[in-house]
Amino acid sequence: MIQVIDLHKTLGTQEVLRGVSMHISPAQTHVILGRSGSGKSVLLKHLVGLFQPDSGQVLVDGEDISKLHERQLGPIRKKIGILFQSGALFDSMSVSDNIAFPLREGGITDPEVIRTRVAEALEMVDLAGEEAKMPENLSGGMRKRVGLARTIVSRPSCILYDEPTTGLDPIATDSINHLIRRLQKRLQATSVVVTHDMKTAFHTADRIAFLHEGAIYFEGTTAQLRASTDPVLLNFIEGRSGESD
Ligand SMILES: Nc1ncnc2c1ncn2[C@@H]1O[C@H](COP(=O)(O)OP(=O)(O)OP(=O)(O)O)[C@@H](O)[C@H]1O
Ligand SMILES: [Mg+2]
């Protein structure tokens, strides 16, 4: 579904991506792990054309999107939904208007259709009936789920999740992890989950990639990652910094 080929990107003076290649297969959940600042969010933004690479390609269903202009990206954005790390809700809009936003942008105007689709999306994220609330009155976990409802309301065939569980308590995290699996089954969507939470990684992944020093250092199944004896991977999985007191 998505193929990333030898992606390079320098931001400021920093070479963030230094030859990233990866293959995202349809109807699977791919987890991208990596330390904070390793370029996970930057990589994800290349997959929807929010960043253009300095060199390399991003193929979506065979089409190279890396050189498309903003106005040519509409069909790609319909195909691929992204849940931003920050949630990125519009604070002045109700839950319902936030979720309806991509539908209205896509030219849907029938209020009945919008109402039904919003209710359906809220139901999928376990927030049925919360249409009227304002973002400031939501907990962190609810904000993530509203963001997710907005991502899935346009029925994308691929969903990108940027840190879906960061900042949530263990139970809310577990509930989002289940939700990611459920949505994948229900929508038959391809999913890419960026995280540094190992629990989320092992719960949701069919395959796991580890981004390190600007490139994919490891790619394989969760079983392969668990069996690895590579010190870089082990330190990350077990959360060791190598420092002593
Ligand atoms: N728009 C930008 N302009 C300049 N530098 C940027 C920009 N976006 C990201 N960077 C830099 O690129 C590097 C990678 O950032 P990125 O947000 O992809 O990290 P990350 O792996 O997602 O980290 P985290 O786990 O903390 O979210 C960082 O050093 C960051 O400062
Ligand atoms: Mg990030």
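Report on the accompanying structure.

About the criteria used
Residues numbered from 1 in each chain as written. Chains lettered and ligands numbered in written order. Predicted model: local features only at pLDDT ≥ 70, side-chain atom pairs only at ≥ 80, totals over all residues. Heavy atoms only, no water. Phe/Tyr/Trp six-rings, centres within 6.5 Å; stacked < 30°, edge-to-face > 60°. Helix = DSSP H or I, 4+ residues; strand = E, 2+ residues; numbered from the N terminus. Buried < 20%, exposed > 50% of the residue type's maximum accessible area, 1.4 Å probe, protein only. Lys NZ or Arg CZ within 6 Å of the ring centre and 35° of its normal. Near = heavy atom within 4 Å. Polar contact = N/O pair within 3.5 Å; in protein donor to acceptor, adjacent residues only side chain to side chain. Areas by Shrake-Rupley, 256 points an atom, 1.4 Å probe, with all protein chains shown as cover. Nonpolar A, V, L, I, M, F, W, Y, C, P; charged D, E, K, R; others polar. 1 Å grid on protein atoms, 1.4 Å probe; cavity = no way out; pocket = protein on both sides within 12 Å on 5 of 7 lines; lining within 4 Å. Points joined across faces, edges and corners; volume = space filled by probe spheres on them. Pairing = 2+ DSSP bridges. Contact = heavy atoms within 4.5 Å. Axes fitted to C-alpha atoms, helices over the stretch in contact; angles between N-to-C directions. Expected span 1.5 Å × (residues − 1). Core = buried A, V, L, I, M, F, W, Y, C linked by side-chain atoms within 4.5 Å. Arc of directions from axis to C-beta.

**Observations concerning the packing of aromatic side chains**
Two descriptors summarise a pair of aromatic rings, namely the distance from one centre to the other and the angle between the planes of the rings. Applying the stated criterion across every chain, the model contains 3 aromatic pairs. Arranged with centres 4.8 Å apart and planes meeting at 55°, the rings of phenylalanine 90 and phenylalanine 101 form a pair that is tilted. With phenylalanine 90 in the loop between strand S6 (80-83) and helix H3 (95-105) and phenylalanine 101 in helix H3, this pair connects stretches of sequence that are 11 residues apart. Phenylalanine 101 gets classed as partly exposed once you look at its relative accessible area, which sits at 31%. Among the aromatic residues, those joined into a ring-pair cluster are Phe210, Tyr217 and Phe236. Lying over the aromatic face of phenylalanine 202, arginine 226 brings its terminal NZ or CZ to 3.9 Å of the ring centre.

**Examining the site of ligand 1**
Gln14, Ser36, Gly37, Lys40 and Ser41 are the nearest of the 15 residues found near ligand 1. Within the backbone of serine 38, one N or O atom sits 3.2 Å away from an oxygen atom of ligand 1. Within the backbone of glycine 39, an N or O atom sits 3.0 Å from an oxygen atom of ligand 1. For ligand 1, whose unbound accessible area comes to 630 Å², protein coverage reaches 63%. Breaking the shell around ligand 1 down by element, the ones donating at least two residues are strand S2 (14-24) and helix H1 (40-47). Residue composition of the shell around ligand 1, grouped by class: 4 nonpolar, 8 polar and 3 charged.

**Some points on the layout of surface pockets**
The volume enclosed by the largest pocket comes to roughly 730 Å³. Of the residues in the lining of the largest pocket, the class split is 12 nonpolar, 7 polar and 5 charged. One number sums up the size of the second largest pocket: a volume of about 230 Å³. Forming the boundary of the second largest pocket are Arg35, Phe210, His212, Val232, Asn235, Phe236, Gly239, Arg240, Ser241 and Gly242. Secondary structure elements with two or more residues in the lining of the second largest pocket: strand S9 (207-212) and helix H9 (231-238). In terms of residue count, H9 provides more of the lining of the second largest pocket than any other element does, 3 residues in total.

**Points about the sheet that holds strand S5 (residues 63-64)**
Strands sit in the order S2-S1-S4-S5 across an open sheet of 4 strands; the sheet is antiparallel. Lying at the two open borders of the sheet, with one neighbouring strand each, are S2 and S5. Pairing between strand S1 (residues 2-11) and strand S4 (residues 55-60): 5 bridges, direction antiparallel. From the neighbouring strand, isoleucine 5 faces S4, where its bridge partner is glutamine 57. Against the sheet, H1 contacts S1, S2 and S4, and its axis sits at roughly 125° relative to S1.

**Brief notes about helix H5 (residues 140-152)**
With 13 residues, H5 should cover 18 Å at 1.5 Å per step; its first-to-last C-alpha distance of 19 Å lies within 8% of that length. Counting buried residues in H5 gives 11 out of 13 residues, a clear majority hidden from the surface. Those residues of H5 lying buried are Gly141, Met142, Lys144, Arg145, Val146, Gly147, Leu148, Ala149, Arg150, Thr151 and Ile152. Residues of H5 that are buried sit in contact with S6, H3, helix H4 (111-124), strand S7 (158-162) and helix H6 (170-187).

**Some thoughts on the environment of glutamate 123**
Secondary-structure assignment places glutamate 123 in helix H4. Relative accessible area serves as the criterion here: at 40%, glutamate 123 is assigned to the partly exposed category. For the pair glutamate 123 and leucine 234, spaced 111 residues apart in the sequence, the C-alpha separation amounts to 39 Å. Look past the residues within four positions of glutamate 123 in its chain and what remains in contact with it is Ala128 and Arg186.

**Some points on the nonpolar core**
Core analysis: the biggest nonpolar cluster contains 41 residues, and Leu33, Ile99, Leu148, Ile152, Tyr161 and Ile208 have the highest contact counts within it. Ignoring anything within four residues of it in the chain, the contact list for isoleucine 152 reads Ala121, Met124, Val125, Ile159, Leu183 and Leu187.

**What to know about H4**
Residues that lie three or four places apart on an α-helix share one face, since the helix turns once every 3.6 residues. Across its 14 residues, H4 extends 20 Å between first and last C-alpha, which sits within 8% of the 20 Å expected from 1.5 Å per residue. If you check which residues of H4 are buried, you get Ile114, Arg117, Val118, Ala121, Leu122 and Met124. The buried residues of H4 occupy one face: seen down the axis, they fall within an arc of 155°. Contacts from the buried residues of H4 go to H3, H5 and H6. Sitting at the amino-terminal end of H4 is aspartate 110, which places a side-chain oxygen 2.9 Å from the backbone nitrogen of glutamate 112. Of the residues flanking the end of H4, it is aspartate 126, one or two places downstream, whose phi is positive at about 65°.

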